[in-house]
Amino acid sequence: MKKFAVLAFAVIVGFAGALSHSAAMAQQHKHADPAVAASSKAFDTRLALRDLWIGHIFWVRAVTAETLAGNTAAASAAEKEVVANAKQIAGAIEPYYGKVASEKLFNLLAGHYGAVKQYLEATAAGSVAKQDAAQKALTGNADEIAKFLSSANPNLPLDTLRGLLLAHGGHHIQQIQQLKAKRYADEAQTWDAMKNHMYGVADALAGAIAKQFPAKFQ
């Protein structure tokens, strides 16, 4: 868990300045001249991806909270939203990379959630061995997603993606532990970090896609 936490902290610190710059650029974009305004589709794509990735952490948190509270019906309903959200995220790349790539990403995202759920169940049961196995699965899945996205888009460096996804997995683990321990104030801070991190991931993906397919964003 410490490895994930350190990675999460390092990546979030690195993204703090970038996110601030992104927000400033977004404001300038609204009042840009016609030449700059031609990139409005890229801006809209970034906002759409932000919404989708925030949806991911929102619904996974709901599954976590309801599972730990023993509300199986609520947890099941939230899990359906996790799956629907993963399909939407995967569908967002289909116009650029095709249906096969979209389905591949969905399967990888399903693996990501499967590892998070595995860790959640292990934590609820108090099994350290199963927690370790889930963390290993989460790490391996992060590497798979990073390789897939990096191979599809040369503007997404493998090491950068791997770091982002490992940090994201670390946030899930930290959140599960905090909710299990009822450390709600700490979890609120983790949620804020998760939210900002998702903005960074969405912006990186949107920017890389726009750069790779400039004709689609004119």
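Heads up: the structure comes first, above all this text.
Residues numbered from 1 in each chain as written. Predicted model: local features only at pLDDT ≥ 70, side-chain atom pairs only at ≥ 80, totals over all residues. Heavy atoms only, no water.

**Overview of the environment of H172**
Then comes step 1: The residue H172 is located in helix α8 (residues 158-180) in this model.
Then comes step 2: Relative accessible area serves as the criterion here: at 1%, H172 is assigned to the buried category.
Then comes step 3: Separated by 55 residues in the primary sequence, H172 and K117 have C-alpha atoms spaced 9.8 Å apart. (Helix = DSSP H or I, 4+ residues; strand = E, 2+ residues; numbered from the N terminus. Buried < 20%, exposed > 50% of the residue type's maximum accessible area, 1.4 Å probe, protein only.)

**Quick notes on the packing of α8 against helix α9 (residues 184-212)**
Then comes step 1: One can describe the packing of α8 onto α9 by two numbers: an axis separation of 9 Å at closest approach and a directional angle of 160°. With respect to α9, the axis of α8 lies roughly antiparallel. Note that α8 runs across α9; the crossing there is left-handed. Here L164, A167, H168, H171, H172, Q174, Q175, Q178 and L179 of α8 lie close against α9, whose contacting residues are Y184, D186, E187, T190, W191, A193, M194, H197, M198 and V201.
Then comes step 2: The residue makeup of the contact of α8 with α9, split by class, is nine nonpolar, eight polar and two charged. (Axes fitted to C-alpha atoms, helices over the stretch in contact; angles between N-to-C directions. Parallel < 35°, antiparallel > 145°, perpendicular 65-115°, else oblique. Left-handed = near helix turned anticlockwise from the far one by under 90°. Contact = heavy atoms within 4.5 Å. Nonpolar A, V, L, I, M, F, W, Y, C, P; charged D, E, K, R; others polar.)

**Brief notes about unusual backbone geometry**
Then comes step 1: Positive phi outside glycine occurs at K182, with the angle close to 60°.
Then comes step 2: Within the element layout of this structure, K182 appears in the loop between α8 and α9.

**Some remarks on the packing of aromatic side chains**
Then comes step 1: Applying the stated rule across the entire model yields four aromatic pairs.
Then comes step 2: Between Y96 and F217 the ring centres are 5.8 Å apart and the planes differ by 10°, which places this aromatic pair in the stacked class. Taken as a pair, Y96 in helix α5 (residues 94-97) and F217 in the segment after α9 lie far apart in primary sequence, 121 residues in all.
Then comes step 3: With relative accessibility at 16%, the residue Y96 sits in the buried group.
Then comes step 4: Where Y97 meets F213, the ring centres are 5.4 Å apart and the plane angle is 75°; that geometry is what we call edge-to-face. Of this pair, Y97 sits in helix α5 while F213 sits in the segment after α9, and the two are 116 residues apart along the sequence.
Then comes step 5: You can call F213 buried: its relative accessible area is 19%.
Then comes step 6: Members of the aromatic cluster, each reached through a chain of ring pairs, are Y96, Y97, F213 and F217.
Then comes step 7: Here the basic side chain of K41 rests over the ring of F217, its NZ or CZ set 5.9 Å away from the ring centre.
Then comes step 8: One Lys or Arg, R50, reaches over the ring of Y199 and ends 4.4 Å from the middle of that ring. (Phe/Tyr/Trp six-rings, centres within 6.5 Å; stacked < 30°, edge-to-face > 60°. Lys NZ or Arg CZ within 6 Å of the ring centre and 35° of its normal.)

**So, the environment of H112**
Then comes step 1: Looking at where H112 falls in the secondary structure, it is placed in helix α6 (residues 99-125).
Then comes step 2: Through-space distance from the C-alpha of H112 to that of E144 is 9.8 Å; in sequence the pair is 32 residues apart.
Then comes step 3: What H112 contacts, discounting residues up to four positions off in sequence, is H56, L138, N141, I145, H168 and H172.
Then comes step 4: Among the polar contacts listed, one links the side chain of H112 to the side chain of H56, at a separation of 3.2 Å. (Polar contact = N/O pair within 3.5 Å; in protein donor to acceptor, adjacent residues only side chain to side chain.)

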